[in-house]
Amino acid sequence: MTIPSGIIKIKTYPFPTLLERAQEVPLGNEDGADNHMLLRFANGMMRELLGESTGIALAAPQVGVELCLVVVNVLKLNKFSEEDFFGYSDRIMINPVILNKGSIRSSSLEGCLSFPGVQQKVTRAEECEVKFINAEMVERTVQLKGFPARVIQHEVDHLRGITLGNYMSDWKHRRERRKLLETWTIQDQLDAAECMGSLLD
Ligand SMILES: [Zn+2]
């Protein structure tokens, strides 16, 4: 597994990794070197997340990396709930999988760091059960409800190449995509082209 060691920067839609299914992080390597690299990368993502005042969580495809990895601002997320679903070690979620979703669904407006300035109404299960490996390399299964359940479903969507764009009407999707592309720098375009090339390899 190659874990990027360069600059970590949030990519906006439609950066190619936001549209692709991410790869599972291979684990069980006894030498720990890969784990060290992975945690370093996750910490870099966390720095990027904490730099965004509206950010609560960030998935690796949002920084151009096709890995099933999510970082969570647990202090912020726990504040949205009466229960503390997450401990400090759960700030890093490796290979998160939604095991179950409750049957009750609700709609709410969501934002996304890859869609700055955009809000989209999304219908999701009010409760879900998520399994992941945390920063201590411990497997965790957590029952979530309310806002934290919504946030984690949003992040797991990212690992499957699903974004707010998938929940928009065609006309809104086209409009927001065009507006976001207009904000791209030449460097963003070059990064996207390079990324497309490596995804095709
Ligand atoms: Zn998002």
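1. Considering the environment of Arg21
Part 1 of the argument: Positionally, Arg21 belongs in the segment before α1 (33-50).
Part 2 of the argument: A tally of 11 C-beta atoms within 10 Å means that Arg21 is categorised as exposed.
Part 3 of the argument: Taking C-alpha positions, Arg21 is 5.7 Å from Leu159, a pair spaced 138 residues apart along the chain.
Part 4 of the argument: Beyond its immediate chain neighbours, meaning those up to four positions away, Arg21 contacts Arg160 and Gly161.

2. Some thoughts on unusual backbone geometry
Part 1 of the argument: With an omega of 0°, the peptide bond running from Tyr13 to Pro14 counts as cis.
Part 2 of the argument: Summarising the element assignment, Pro14 is placed in the segment before α1.
Part 3 of the argument: Even without being a glycine, Asn95 presents a positive backbone phi close to 50°.
Part 4 of the argument: Mapped onto the elements of the fold, Asn95 is located in strand β3 (residues 92-101).
Part 5 of the argument: A positive phi angle, close to 65°, is found at Met137, a residue other than glycine.
Part 6 of the argument: Secondary-structure assignment places Met137 in the loop between β6 (127-133) and β7 (139-145).

3. Details of the sheet that holds β7
Backbone hydrogen bonds hold the strands of a sheet together, and the pairing may be parallel or antiparallel.
Part 1 of the argument: The antiparallel open sheet is built from 5 strands, whose spatial order is β1-β2-β3-β6-β7. Of all strands in the sheet, those with a lone pairing partner are β1 (57-59) and β7, marking the two edges. Strand-to-strand twist across the sheet, computed as the mean angle between neighbouring axes with direction ignored, equals 40°.
Part 2 of the argument: Examined bridge by bridge, β1 and strand β2 (residues 69-72) share 3 bridges and lie antiparallel to one another. Looking at β2, one finds that Ala57 is bridged to Val72.

Conventions and cut-offs
- Every chain is numbered independently, its residues counted from 1 as its sequence is written.
- In keeping with the model being predicted, local features are shown solely for residues with a pLDDT of at least 70 and side-chain atom pairs are shown and tallied solely at 80 or more, while totals for entire chains, interfaces and linings include all residues.
- Each helix is a run of DSSP H or I of at least 4 residues and each strand a run of E of at least 2, with the numbering of both proceeding from the N terminus.
- Exposure criterion: with C-beta atoms placed from backbone coordinates, a residue whose C-beta has 20 or more other C-beta atoms within 10 Å is buried, one with 12 or fewer is exposed, and one in between is partly exposed.
- By definition, residue pairs are in contact when their C-beta atoms, positioned from the backbone, come within 7 Å.
- Paired strands, as defined in this entry, are two strands with at least two bridges between them according to DSSP.
- Angular values range over 0 to 180 degrees, each being the angle between N-to-C directions of two axes fitted as lines to C-alpha atoms, with helices fitted over their stretch in contact.

So, to be careful, I would describe these as geometric facts and stop short of saying anything about function.
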